[in-house]
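Fold and contact review
For reference, the chains in residue letters:
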Amino acid sequence: MKLVTAVIKPHKWEDVREALETFGVTGMTVSEVSGYGRQKGHTEVYRGAEYDIALVPKIRIEIVVDDGDADDIVGIVVKTAQTGRIGDGKVWVSGIETVVRVRTGDRDAAAI
Amino acid sequence: MKLVTAVIKPHKWEDVREALETFGVTGMTVSEVSGYGRQKGHTEVYRGAEYDIALVPKIRIEIVVDDGDADDIVGIVVKTAQTGRIGDGKVWVSGIETVVRVRTGDRDAAAI
Amino acid sequence: MKLVTAVIKPHKWEDVREALETFGVTGMTVSEVSGYGRQKGHTEVYRGAEYDIALVPKIRIEIVVDDGDADDIVGIVVKTAQTGRIGDGKVWVSGIETVVRVRTGDRDAAAI
Amino acid sequence: MELGTGYLAFVLVAASLVLLMTPGLALFYGGMTRSKGVLNMMMMSFGAMAIIAPIYVLWGFSMSYSDTLGANASGSDIAMLFANPFHQFGLDGVQGALGEDGSGALITVGFQMTFAIITTALVSGAIADRVKYSAWLVFVPFWVTFSYFPLAHMVFGGGFLSGSEGGLADMLFSGDGGANTAPIDYAGGTAVHINAGVAGLVLALVIGKRIGFGTRPMRPHNLPLVMLGAGLLWFGWFGFNVGSWIPAEGLDDGTYWAGETGLVWVNTTVCAAAAILGWIVIEKIRDGKATSLGAASGVVAGLVAITPACGALSPVGSIILGLVTGALCALAVGLKYKFGFDDSLDVVGVHLVGGLVGTIAIGFLGTSTGLFYGGGIEQLVVQTAIALFAILWSGIITLVIALAIKVVIGWRVDEDDEENAIDSSEHGESGYDLAGAVGGRTGTVPTTEKDGI
Amino acid sequence: MELGTGYLAFVLVAASLVLLMTPGLALFYGGMTRSKGVLNMMMMSFGAMAIIAPIYVLWGFSMSYSDTLGANASGSDIAMLFANPFHQFGLDGVQGALGEDGSGALITVGFQMTFAIITTALVSGAIADRVKYSAWLVFVPFWVTFSYFPLAHMVFGGGFLSGSEGGLADMLFSGDGGANTAPIDYAGGTAVHINAGVAGLVLALVIGKRIGFGTRPMRPHNLPLVMLGAGLLWFGWFGFNVGSWIPAEGLDDGTYWAGETGLVWVNTTVCAAAAILGWIVIEKIRDGKATSLGAASGVVAGLVAITPACGALSPVGSIILGLVTGALCALAVGLKYKFGFDDSLDVVGVHLVGGLVGTIAIGFLGTSTGLFYGGGIEQLVVQTAIALFAILWSGIITLVIALAIKVVIGWRVDEDDEENAIDSSEHGESGYDLAGAVGGRTGTVPTTEKDGI
Amino acid sequence: MELGTGYLAFVLVAASLVLLMTPGLALFYGGMTRSKGVLNMMMMSFGAMAIIAPIYVLWGFSMSYSDTLGANASGSDIAMLFANPFHQFGLDGVQGALGEDGSGALITVGFQMTFAIITTALVSGAIADRVKYSAWLVFVPFWVTFSYFPLAHMVFGGGFLSGSEGGLADMLFSGDGGANTAPIDYAGGTAVHINAGVAGLVLALVIGKRIGFGTRPMRPHNLPLVMLGAGLLWFGWFGFNVGSWIPAEGLDDGTYWAGETGLVWVNTTVCAAAAILGWIVIEKIRDGKATSLGAASGVVAGLVAITPACGALSPVGSIILGLVTGALCALAVGLKYKFGFDDSLDVVGVHLVGGLVGTIAIGFLGTSTGLFYGGGIEQLVVQTAIALFAILWSGIITLVIALAIKVVIGWRVDEDDEENAIDSSEHGESGYDLAGAVGGRTGTVPTTEKDGI
Ligand SMILES: Nc1ncnc2c1ncn2[C@@H]1O[C@H](COP(=O)(O)OP(=O)(O)O)[C@@H](O)[C@H]1O
Ligand SMILES: Nc1ncnc2c1ncn2[C@@H]1O[C@H](COP(=O)(O)OP(=O)(O)O)[C@@H](O)[C@H]1O
Ligand SMILES: Nc1ncnc2c1ncn2[C@@H]1O[C@H](COP(=O)(O)OP(=O)(O)O)[C@@H](O)[C@H]1O
């Protein structure tokens, strides 16, 4: 099994979700995170004191997938989340040893 | 060392924590995330406009453990977080190369 | 490629970011999480009812790095985030198979 | 000085202030629930506004006051308990409609209407996070009609709990036609606070506990909202207490009005302030820390206690009442854990206890007739008697309505919905969506086929 | 009873209440936007306050009222539309400045000033989350000067939409000098609500939709804030309606004032309450659930509808008006999806529709002249005529100003900034930073070289 | 027109409005701190309410006003500085208690009490997020007693800073018994704002900076709360300024009252509005963007400046004052970074600077005696003199109290607690728990063994 982790722009989340659903991904875990990178943040000013807000909001998606699907899924995310502008995010893949569905105790392929 | 990642229902968090504590887990890192899966979200209506809220709140737990404990810990989480209803969540295990305790610089088994 | 995950005290975030920037890390993904461990939480009291708040706020940082940089980066985080007091956090390293930059489709070393 | 339009201008403002108390209460209560129930909590208050205002015009005013303000009642016994709901149905015959001689009767209607609303809304604090909204909307009109309007008539409308002939005080302390020791309840310790507090207790018992009560954390989700609510309640309470001044024979000129309203204003303020102190001192001793929830609760407890007493005490007496009430209520809110009833937001601990303390304290601290000022025991007995009667009346009426609703439609939402979020299951909404730039971390397209008109 | 200082004391309070409505509106609107636009939304209201208050002193009052309250107008035709802005420029010659004979004229100036502010602020709800703040600040003075001041003059200042000679009603229903059927608009159904509603519609059309309108979720980010805003608006509306009483010849004593203000107060309250019911009943039927946003919207819709009608209806008539308005507005807010214009926070569905319903309902429900009370068709025709005229006036003026701004400076912010967060791009701020102990999850050192003075 | 009850009805409302300012301030300040200190910040305001209201009844009123409102003072020199605290201790002998001739004295007591509360609460903005709550609760009674009551006596109670014989103005500008140029301070530029501003500065210096001041981000955590607070402050300020009208000999009828209160109302509003403009224009020029924090701050700065001047300026003069004050305060809030003192929420930049500008501007813009209106230099000198005296008095008194507390119990909380969260360490609470359905992301079972009564 593989774990695909994607960090994308927030307003791309809906598109990515739909594309993945179409492909057949039935589940994922999503969190709101902040990104730091080439895309610079912005400046805020409170009573004349400037704050350099380095972080930009991102959505982080974790998808546990069958080994064979990982590449396709990375491809789909990259394609759908792409705007071509700095800050589109990253996707990475790591191996996992096992995954269990809490409800049933099913393992691996049966668990996702 | 292994990393056990569990995504569970929020109201099970207390039970899971207690069961893990009893087993001897001394630390974990917890975050609030949203889950997408078989368990469907709900509908919200604002001035007649319907929103299909696809995501449901989940708790995500990360536990770095000794290789030998991973199976037991997965078992405990699955047992305690189970309600038998759709949406109970997933637990997955991946290998990690090293872990360091920031306070002391201790590594691996000594770090957790 | 490696993934370095660090869980640190919130008020150390700025220092860690600066140190990593100096070292040459150009990107990372940050989230607000809660930690459970030796550092105990605190007690809150609402109309006489006591709540044992077990979790303490932490910052979680994920950095995808070249294999060769992982150790240095762990070292930098440990050094900068250290206060010597309980609750300084953990850093762990795991292997990842690939990383892609969404904007360009570049892979691995070129992606970070 | 003539009473003039200044007095009526103040009552107009007072009515507006008391109306504001209900949204204020919605914030006070809403901030205290868990975030998944904030809207349901606030909607109970808004629902009370929606239903009671029209009812008050239709039969509420008539049932509370028509005998005394309109034509005379028949003098029958039942008229000691409530007035004829149909006598001035729809405000028929109440003077002040356009083009008529004014006399300000409609100003009074407005002012009294707001009391009926806030009293009912107060009850909702006992049953947070677990009740069908429809059940609440059914409860409201029955309860206000059978518990509040009668008690308002008895206390303010010349009925059984006022000083009137044939009333409770008359039974106790007037022999053959002599003047009795009139009960003192300036702005509603009995009809408002004891009434709401008892109703809260009965509902909490009939409806049962929230899932996880006493075992899962249920802490306030937004304390600045609670403090804002407390601030608005304090502000509104000036309408409540100061606006309750009524011209009595021989005491109806502007000079007397200025003297008494000034006293009521000062008493109201210092009692609330002192009750903050009373509450947080107990907290400091018991829990080690003075909390903001304690301060906000102290404000309300002090205001509750001074409600019946605001015209009868001296400012120094009001400080004492505040200190005592704050301390007692701070202790009383723990009772629900001891006895195991889930009065979620402490309607009992604050309104029943505070209302009792304030009502009975007049027997001690009242400057004309209180024990500490050389008065006899009579006032204390009368005050205790009206408090007990209000407990009985409210308890029985509430129990009957609550059980009827339990049997006929049921009170509780589905267990799953309660666990998940009552805001979502009952109202199809969630209180907050604060995530920075995501604009809703969730959700898809609004169904634009929805047709509108 | 003499009118005395009580009447003026109430107007002073009323002015303060109406002033509070604008921050209340800022909360009501602000809570309804996405979190990334809450500050921009609130700033539109605060900007209206900043600009209009000084303008009102400079030429606003003069342009609305100088002919009638100051010296006489020339009686020219243009004087039916607006008064001379320079006649009392800077309040020159308005009595009541220090040391002069008072007469309360400045109290009236204050009261009327707040109407100009809130009316303009209402418009901003139609254009949430996408407009340059500078464009809004340019729009405000032009719109208030050419749309609001003239309509205020026409309706309240004895101009074309009042019952005056040569006015619209006079054209319709007075033959040779006989009395006409005077239009009824107690506190501004036309000049305030229809005016703001039409302006909102025109702006929404000229400026265009938010990116993602109808396809991306845009739900309210903070509903307790919305309900708080609704509560403050309700409270402030007592100033708006009750404070609008004006002594008329022969009806200028305190008794009449007390009668009518009491009626207005009660009507205002029951109409708002009934409109909650009307709104949530429709929701229950259509969507299955009564929402808090619906209740808050019902409050405002009911208050809008009763604004012109509050002195002309009976309390029971006001309940009916509330029920109808609540239901109609609940249906009307769906229109924007059907017709595809992005009136973001439903200024059209609530203020235009509510204002029309209230203005026209007087033709049916008015107790003196309404159809249901045996009046003829005249009042209904007159009411419809003034409503249509207000729509036309506001529509044309707004269109001209909106197009001019579009051409000269442009309305929309950069697309990226709109996607990202308008609060950040236009104001350099973000609404919330709630993260527990982080103290800002982001950010570096404030630039301490900033020099201050 | 007689003054009648209308005037007193307004003062009752005004007292209520000013009371509301303190919760309003708690929101304004609370929203500006980091989220981990919001409750502590709000509790400083609520603590001021809790302590000062009772104190005011006990000795505050007597110490401020007893000589002038009660029996005559001895005429001694000290009586120029403060009145006898024991003369009317507990309001003993203040007329208006129940059954007495009213005359409204207690209404005045209530009104003045609220001034003492808000003035003290203002100070807390300078010391956010780092002070032991117990130290604050000790500071409050000493400061209000030795700094506020005397200054109130001097300015409002006929003492050293009023126009009285033997006063500062008399020393400067009256030769042998001739009339002096009376200082003008309508509602408290000196006693309230300069006093609070100086106290804030002294405390900030004595107590020291927050850990991380100038190096770590410390931005407002909830700006809608700040804007709500600003809105409530504006609303309450109508009570503050308009309610400060006092009948003077020969100027005590209703007509005069109506004229002057109208002027004060309009001046208050336009000055606040213009100060928004002044502030955001500076921001636009300096920082490139108009911020909501700037607008909210402008509101308060404008209100501060008009406080002393509201009865002395024309509406156009008030607009000018607002523009100037808004701009100056926008620049002044940067000073703390330059000089390195941590006046956390800018009590100095807003209240001291705004108070000085308003007080001194009367010397230029006062319509009777100001330089720009052909008056001499006297008024300007007198205004400057009273401002300087207030700075001195407040500075010395505050310094003594602050140092005493530093030595005896210490001001600062533990460093760890400050880093972590003062809300938790001082009050055992946290402001928000908004996490969707978790109901507290943290926490275990409430200790149900807690016993209650
Ligand atoms: N080395 C990294 N490890 C983890 N996350 C990263 C890394 N570099 C970038 N990111 C994430 O990807 C996001 C986009 O990166 P950025 O450098 O801004 O743009 P781009 O990927 O288009 O070059 C960042 O906001 C951050 O969340
Ligand atoms: N493939 C997946 N990868 C990551 N997380 C998943 C995946 N599938 C499900 N999840 C997580 O598990 C939760 C429960 O999954 P769901 O399909 O709703 O129910 P169940 O696990 O009982 O079949 C989801 O809300 C989501 O957070
Ligand atoms: N086994 C673990 N797995 C994952 N995270 C852990 C683990 N142990 C501790 N942590 C994280 O590290 C933080 C610090 O750990 P703690 O035991 O409190 O102190 P220390 O690391 O100084 O001994 C915790 O708050 C938690 O977020």
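Calculation rules
- Residues numbered from 1 in each chain as written.
- Chains lettered and ligands numbered in written order.
- Predicted model: local features only at pLDDT ≥ 70, side-chain atom pairs only at ≥ 80, totals over all residues.
- Heavy atoms only, no water.
- Near = heavy atom within 4 Å.
- Polar contact = N/O pair within 3.5 Å; in protein donor to acceptor, adjacent residues only side chain to side chain.
- Areas by Shrake-Rupley, 256 points an atom, 1.4 Å probe, with all protein chains shown as cover.
- Helix = DSSP H or I, 4+ residues; strand = E, 2+ residues; numbered from the N terminus.
- Nonpolar A, V, L, I, M, F, W, Y, C, P; charged D, E, K, R; others polar.
- Least-squares fit on C-alpha atoms with pLDDT ≥ 70 in both.
- Contact = heavy atoms within 4.5 Å.
- Phe/Tyr/Trp six-rings, centres within 6.5 Å; stacked < 30°, edge-to-face > 60°.
- Buried < 20%, exposed > 50% of the residue type's maximum accessible area, 1.4 Å probe, protein only.
- Lys NZ or Arg CZ within 6 Å of the ring centre and 35° of its normal.
- Salt bridge = Lys/Arg side-chain N within 4 Å of Asp/Glu carboxyl O.
- Buried area = accessible area lost by both parts, 1.4 Å probe.
- Axes fitted to C-alpha atoms, helices over the stretch in contact; angles between N-to-C directions.
- Parallel < 35°, antiparallel > 145°, perpendicular 65-115°, else oblique.
- Left-handed = near helix turned anticlockwise from the far one by under 90°.
- Pairing = 2+ DSSP bridges.
- Arc of directions from axis to C-beta.
- Patch = residues over 30% accessible without salt bridge, like charges linked within 9 Å, V, L, I, M, F, W, Y side chains within 5 Å.
- Domains from an automatic or database assignment.

Turning our eyes to something else, we now look at the site of ligand 2. The full set close to ligand 2 counts 21 residues, and T29(A), V64(A), R101(A), R103(A) and R38(B) are the nearest of them. Q39(B) places a main-chain nitrogen or oxygen 2.9 Å from an oxygen atom of ligand 2. In isolation ligand 2 has 550 Å² of accessible area, and contact with the protein removes 99% of it. Taken together, the elements giving at least two residues each to the shell around ligand 2 come down to β2 (28-36) and β5 (56-65) of chain A together with β2 (28-36) and β6 (89-95) of chain B. Class assignment for the residues of the shell around ligand 2 results in seven nonpolar, seven polar and seven charged.

Moving on, we get to the relation of the copies chain D and chain E. For the pair chain D and chain E, the best superposition has an RMSD of 0.0 Å and corresponds to a rotation of 120° with a translation of 0.0 Å parallel to the axis. The transformation relating the two chain copies, once decomposed into turn and shift, fits a three-fold axis. Residues of chain D ranked by C-alpha distance from the rotation axis are headed by G6(D), positioned 2.1 Å from it. Counting the interface residues of chain D, we find that no more than 12% of their copies in chain E are interface residues as well, pointing to two distinct contact surfaces.

Here we come to the site of ligand 3. Near ligand 3, the surroundings consist of 20 residues, among which T29(B), R101(B), R103(B), R38(C) and G87(C) are the closest. Residues near ligand 3 are shared among chains B and C, making this a multi-chain site. The backbone of Y36(C) places a nitrogen or oxygen atom 3.4 Å from an oxygen atom of ligand 3. The contact in question runs from an oxygen atom of ligand 3 to an N or O atom on the backbone of Q39(C), over 2.8 Å. Bound to the protein, ligand 3 loses 99% of the 550 Å² it would expose on its own. Contributions of two or more residues to the shell around ligand 3 are made by β2 and β5 (56-65) of chain B together with β2 (28-36) and β6 (89-95) of chain C. Here the shell around ligand 3 gets three residues from one element, more than from any other, and that element is β5(B). Counted by class, the shell around ligand 3 contains six nonpolar, seven polar and seven charged residues.

A few words now on the packing of aromatic side chains. Tallied over the entire structure, the rule returns 60 aromatic pairs over all chains. On the basis of an interplanar angle of 5° and a centroid distance of 5.6 Å, the ring pair of F213(D) and Y337(D) is categorised as stacked. Within this pair, whereas F213(D) is found in the loop between α6 (189-207) and α7 (223-242), its partner Y337(D) is found in helix α11 (residues 335-339), the two being separated by 124 residues in sequence. The pair F213(D) / Y337(D) is uniform in exposure class, with both members buried. Both rings, one in F389(E) and one in W393(E), keep their centres 6.3 Å apart while their planes meet at 25°; by these two values the pair is stacked. Of this pair, F389(E) and W393(E) both sit in helix α13 (residues 378-408), four residues apart, roughly one helical turn. An aromatic cluster of three or more residues is present, and its members are Y56(D), F61(D), Y65(D), Y148(D) and F149(D). The ring of Y36(A) carries K40(A) above its face, with NZ or CZ at 5.4 Å from the centroid.

On to unusual backbone geometry, then. Residue and element names in this part refer to chain F. The residue D129 is not glycine, and still its phi comes out positive at about 70°. Its location among the elements puts D129 in the loop between α3 (105-123) and α4 (133-156). On the accessibility criterion, D129 (3% relative accessible area) is buried. One non-glycine residue, D346, lies in the positive phi region at around 65°. In this fold, D346 is placed in the loop between α11 (335-339) and α12 (347-365). Since its relative accessible area comes to 4%, D346 is described here as buried.

Further remarks concern the interface of chain D and chain E. With 74 residues of chain D in contact, the opposing surface of chain E contributes 71 residues. Across the chain D-chain E interface, the total number found is one salt bridge. Between D433(D) and R219(E) there is a salt bridge whose closest N-O contact spans 3.3 Å. At the junction of chain D and chain E, the tally comes to 12 residue pairs in polar contact (both at pLDDT 80 or more). For the side of chain D that touches chain E, the elements supplying multiple residues, two or more each, are α1 (4-32), α2 (38-69), α3 (105-123), α7 and α15 (422-427) of chain D. With 14 residues, the top contributor of residues to the side of chain D that touches chain E is α1(D). Of the residues in the side of chain D that touches chain E, the class split is 41 nonpolar, 26 polar and seven charged.

On to the interface of chain A and chain F. Quoted interface sizes are often the accessible area lost when the parts come together. Counting residues at the interface gives eight residues for chain A, matched by 18 residues for chain F. Summing the contributions of chain A and of chain F, the shared interface buries around 1100 Å²; its carbon and sulfur component is 57%. Of all residues in chain A, Y46(A), R47(A) and Y51(A) bury the most surface against chain F, accounting for 69% of the area lost on that side. At the junction of chain A with chain F, the criterion picks out two salt bridges. Linking R47(A) and D346(F) is a salt bridge whose minimum nitrogen-to-oxygen distance equals 3.0 Å. Applying the counting rule to chain A against chain F returns five residue pairs in polar contact (both at pLDDT 80 or more). Secondary structure elements with two or more residues in the side of chain A that touches chain F: β3 (42-46) and β4 (49-53) of chain A. Its residues assigned to classes, the side of chain A that touches chain F comprises five nonpolar, one polar and two charged.

Residue and element names in this part refer to chain E. Look at helix α6 (residues 189-207) against α13: their axes get within 8 Å of each other, and the N-to-C directions meet at 40°. With respect to their mutual orientation, α6 and α13 come out oblique. Handedness of the crossing formed by α6 with α13: right-handed. On α13, the residues that touch T190, I194, N195, V198, A199, V202, L203 and V206 of α6 are I386, A387, A390, I391, S394, G395, T398, L399, A402, L403 and K406. Partitioning the contact of α6 with α13 into residue classes produces 13 nonpolar, five polar and one charged.

A word on the pairing of β3(A). All names here are of chain A. Direction of pairing for β3 relative to β4: antiparallel, over a ladder of five bridges. Among the inter-strand pairings, H42 is bridged to a residue of β4, identified as I53. Between the antiparallel neighbours β3 and β4 lie two residues, among them R47 with a positive phi of about 50°.

Let's shift gears to the packing of α3(D) against α6(D). Residue and element names in this part refer to chain D. Remark: α3 packs on α6, axes separated minimally by 8 Å, with the N-to-C direction vectors making an angle of 30°. Classified by the interaxial angle, the pair formed by α3 and α6 is roughly parallel. Crossing handedness for the pair α3 and α6: right-handed. Contacts between α3 and α6 involve F115, T119, L122 and V123 on the former and, on the latter, A191, V192, H193, A196, A199, G200 and L203. Residues of the contact of α3 with α6, tallied by class, amount to eight nonpolar, three polar and no charged.

Turning to helix α1 (residues 13-23) of chain B, a few remarks are in order. Every α-helix winds through 3.6 residues per turn, so residues three or four apart in the chain are directed the same way. Buried residues of α1(B): W13(B), E14(B), V16(B), R17(B) and L20(B), and no others. Take α1(B) and look down its axis: the buried residues cluster within an arc of 165°, on one side only. Those residues of α1(B) hidden inside the fold are in contact with β1 (2-8), β2, β5 and α2 (70-81) of chain B together with β2 of chain C.

With that settled, the discussion passes to a nonpolar patch on the surface. Residues and elements named next belong to chain E. Taken together, the side chains of M171, L172, L371, F372, Y373, I377 and V381 make up a nonpolar region of the molecular surface, amounting to roughly 670 Å² of accessible area. Mapped onto the elements of the fold, Y373 is located in the loop between α12 (347-365) and α13. In this structure Y373 comes out as partly exposed when scored by relative accessible area, which is 39%.

Attention now goes to the domain arrangement of chain D. Residues and elements named next belong to chain D. Looking at chain D, the domain boundaries give domain 1 (5-412) and domain 2 (417-450). Each of domain 1 and domain 2 has a C-alpha centre, and the two are 35 Å apart. In this assembly, domain 1 packs against domain 2 so that about 1300 Å² is buried in total across both faces, 52% of it on carbon and sulfur atoms. It is K36, L39 and I211 that lose the most area in domain 1 upon contact with domain 2, and together they represent 44% of the buried surface on that side.

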